[in-house]
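Survey of secondary and tertiary structure
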Amino acid sequence: MVFISRENAADILTARQAPAAFCESGDTVIFETRDCYDDNDITEENPLGTKGEKLENPSTGPLFVEGAWPGDILKAEIRKIELRDYGIMRTSTTGGAFCHLYKERTARRFFFSHHPETGHLGFWFDQKLWLNADPMIGVIGTAPAKEGVPAITPGSHGGNMDCRRIRQGSVLYLPVSVPGALLSVGDLHALMGDGETGICGLETAGEVTVQVTVIKEAEKRKNPEEFRIFQAMRGALPLLAEGGQLMTIQSAETLDQAAFLAANRMRELAAAASGMDLVNSGMAMSLLGDLAVCQIVNPLKTVRCQFPLEVLARYGFCLD
Ligand code: CA
Ligand code: CA
């Protein structure tokens, strides 16, 4: 199996970065990630960090997928997320919903264990509160076509979406904008609420196992009906399938703008997938589509729109 070590980390997703590894479509690859503070830079004793030559929100990669060509879609199936044995979080005096309340930065470290009764991986938040871990991927994206995008920023390429539904068992669809796609992964969270309101999740490092498959535009062109759906999917990227729902994940300068984009991209895809007209697809979205905030703390804000896959299946749609 292809393994990309944590030494292959960068704080930008760019076509200029040399591939760390190569694989074929259909292969399974392990990304060994650092935490968003570049591992151990922030500690309880030193919550400000060393401010040395650390990477900001490093992601591991990039992975060159043979045969991936601009215009294709990269399907990334998250097979497994394994965490190291602790996570760290901090307060912020400059970002997030509570920064006006703090005069200084404080960091806390939490060690993971298995609950003595349930066996579930988690941690003691304090003496009364046990929390089960729900591991998720903060940063996962392909290289954009033109300028590189910092690993702290989300966008149409994916990146720092901080969507907690990107978890083990989910399937993410990303654009291929450069040859090989150049997939990077980082910024694991052991737990995070929608919004990431306090500036961070329970930041940690670990190993992510991903199966990557290229959905070829050239193949889809052979069948007009399949190509129509493919184009609708491509127009709605990044797309996520998890827990029986299909989700558009959109980022913009404001939450309002991100919500508008997420809802519209999902309506367009649902209409194409179901054959519903403009009126019915808009009404179906209003009845069945759920907006949710992914994060409010990154340079662009991220909102997802969730729609039941089972409804689209009634119209004959099935995901690649
Ligand atoms: Ca993040
Ligand atoms: Ca993070």
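Note that the structure is predicted; figures quoted are calculated from it, not measured.

1. A look at the coordination of the calcium ion (ligand 2)
Protein-derived ligands of the calcium ion (ligand 2) are Asp187 (OD), Asp187 (OD), His189 (NE2), Glu203 (OE) and Glu203 (OE), with the metal-ligand distances lying across 2.2 to 3.1 Å. All donors of the calcium ion (ligand 2) come from a single chain, and their spacing in sequence reads D-x1-H-x13-E. Between the two metal centres, the calcium ion (ligand 2) and the calcium ion (ligand 1), the spacing is 3.3 Å, with Asp187 acting as a shared donor. Here the two residues Asp187 and His189 agree in accessibility, since each one is buried.

2. Overview of the pattern of salt bridges
Scanning the entire structure with this criterion turns up 18 salt bridges. A salt bridge links Lys216 to Asp72; its shortest N-O distance comes to 2.7 Å. Taken as a pair, Lys216 in the loop between β20 (206-215) and α1 (217-220) and Asp72 in the loop between β6 (59-65) and β7 (73-83) lie far apart in primary sequence, 144 residues in all. Residue classification places Asp72 among the buried positions, given a relative accessible area of 3%. Among the ionic pairs, Glu77 bridges to Arg79, the shortest N-O distance being 3.1 Å.

3. Remarks on the sheet that holds strand β22 (residues 245-252)
With mixed pairing, the nine strands of this open sheet are ordered in space as β1-β5-β20-β7-β17-β21-β22-β24-β23. The open sheet has two free edges, formed respectively by β1 (2-4) and β23 (290-295), since each of these has just one partner strand. The mean inter-strand angle of the sheet, taken between neighbouring strand axes irrespective of direction, is 25°. Strand direction decides the pairing type here: β1 and strand β5 (residues 28-33), joined by three bridges, are parallel. Note that in β5 the partner of Phe3 across the bridge is Ile30. Along the sheet, helix α2 (residues 224-235) makes contact with β7, β17 (171-175), β20 and β21 (239-242), crossing β7 at roughly 55°. Along the sheet, helix α4 (residues 278-288) contacts β23 and β24 (301-308); its crossing angle with β24, the most-contacted strand, is approximately 100°.

4. Section: the coordination of the calcium ion (ligand 1)
Within the first shell, the calcium ion (ligand 1) binds the protein through Asn160 (OD1), Asp162 (OD), Asp162 (OD) and Asp187 (OD), at distances of 2.2 to 2.4 Å. Donor residues binding the calcium ion (ligand 1) come from one chain and are separated in sequence as N-x1-D-x24-D.

5. Section: the pairing of β17
In terms of burial, β17 is a largely internal element, five of the five residues being buried. Covered by surrounding structure in β17 are Val171, Tyr173 and Pro175 together with Leu172 and Leu174, the residues of both alternating faces. Where β7 lies against β17, five bridges are found, and the strand directions are antiparallel. Note on β17: the bridge partner recorded for Ala76 is Leu172.

6. Let's talk about the sheet that holds strand β11 (residues 121-124)
Spatial ordering of the open sheet is given by β10-β11-β12, a layout of three strands whose pairing is antiparallel. Single-partner strands in this sheet number two, and they are β10 (113-114) and β12 (130-132). Two strands pair when backbone bridges link them, and β11 and β12 are joined in this way by three bridges, in the antiparallel orientation. Residue pairing in the sheet places Trp124 in a bridge with Trp130 of β12.

7. Notes on the packing of aromatic side chains
What the rule picks out here adds up to seven aromatic pairs. Relative to Phe111, the ring of Tyr86 lies with its centre 5.8 Å away and its plane at 50°, an arrangement referred to as tilted. You can see Tyr86 sitting in strand β8 (residues 86-90) and its partner Phe111 sitting in strand β9 (residues 107-111), a full 25 residues away along the chain. Judged by centre distance (5.2 Å) and plane angle (55°), the ring pair of Phe110 and Phe123 falls under tilted. In this pair, Phe110 is assigned in strand β9 and Phe123 in strand β11, connecting sequence segments 13 residues apart. Phe123 matches Phe110 in its accessibility class, with the two residues each being buried. One aromatic cluster is present, formed by Phe110, Phe112, Phe123 and Phe125 through successive ring pairs.

8. Regarding the environment of Asp162
As for its placement among the helices and strands, Asp162 is situated in the loop between β16 (158-159) and β17. Residues Asp162 and Ile199, 37 residues apart in the sequence, show an inter-C-alpha distance of 11 Å. Once you skip the residues sitting within four places of it in the chain, Asp162 turns out to touch Met136, Gly138, Asp187, His189, Met192, Glu196, Cys294, Gln295 and Asn298. At a separation of 2.8 Å, a polar atom in the side chain of Asp162 contacts the side chain of Asn298.

9. Some points on the packing of α2 against helix α3 (residues 255-274)
Packing of α2 against α3 brings their axes to within 9 Å, and their N-to-C directions diverge by 170°. With respect to each other, α2 and α3 are oriented roughly antiparallel. Only Arg265, Leu269, Ala272 and Ala273 of α3 make contact with α2, whose side of the interface consists of Arg228, Ile229, Ala232, Met233 and Gly235.

What counts and how
Residues numbered from 1 in each chain as written. Chains lettered and ligands numbered in written order. Predicted model: local features only at pLDDT ≥ 70, side-chain atom pairs only at ≥ 80, totals over all residues. Heavy atoms only, no water. Donors = N, O, S within 2.8 Å, 3.2 Å for Na, K, Ca; no water. Buried < 20%, exposed > 50% of the residue type's maximum accessible area, 1.4 Å probe, protein only. Salt bridge = Lys/Arg side-chain N within 4 Å of Asp/Glu carboxyl O. Helix = DSSP H or I, 4+ residues; strand = E, 2+ residues; numbered from the N terminus. Pairing = 2+ DSSP bridges. Axes fitted to C-alpha atoms, helices over the stretch in contact; angles between N-to-C directions. Contact = heavy atoms within 4.5 Å. Phe/Tyr/Trp six-rings, centres within 6.5 Å; stacked < 30°, edge-to-face > 60°. Polar contact = N/O pair within 3.5 Å; in protein donor to acceptor, adjacent residues only side chain to side chain. Parallel < 35°, antiparallel > 145°, perpendicular 65-115°, else oblique.

Any link to function would need more than the numbers given here.
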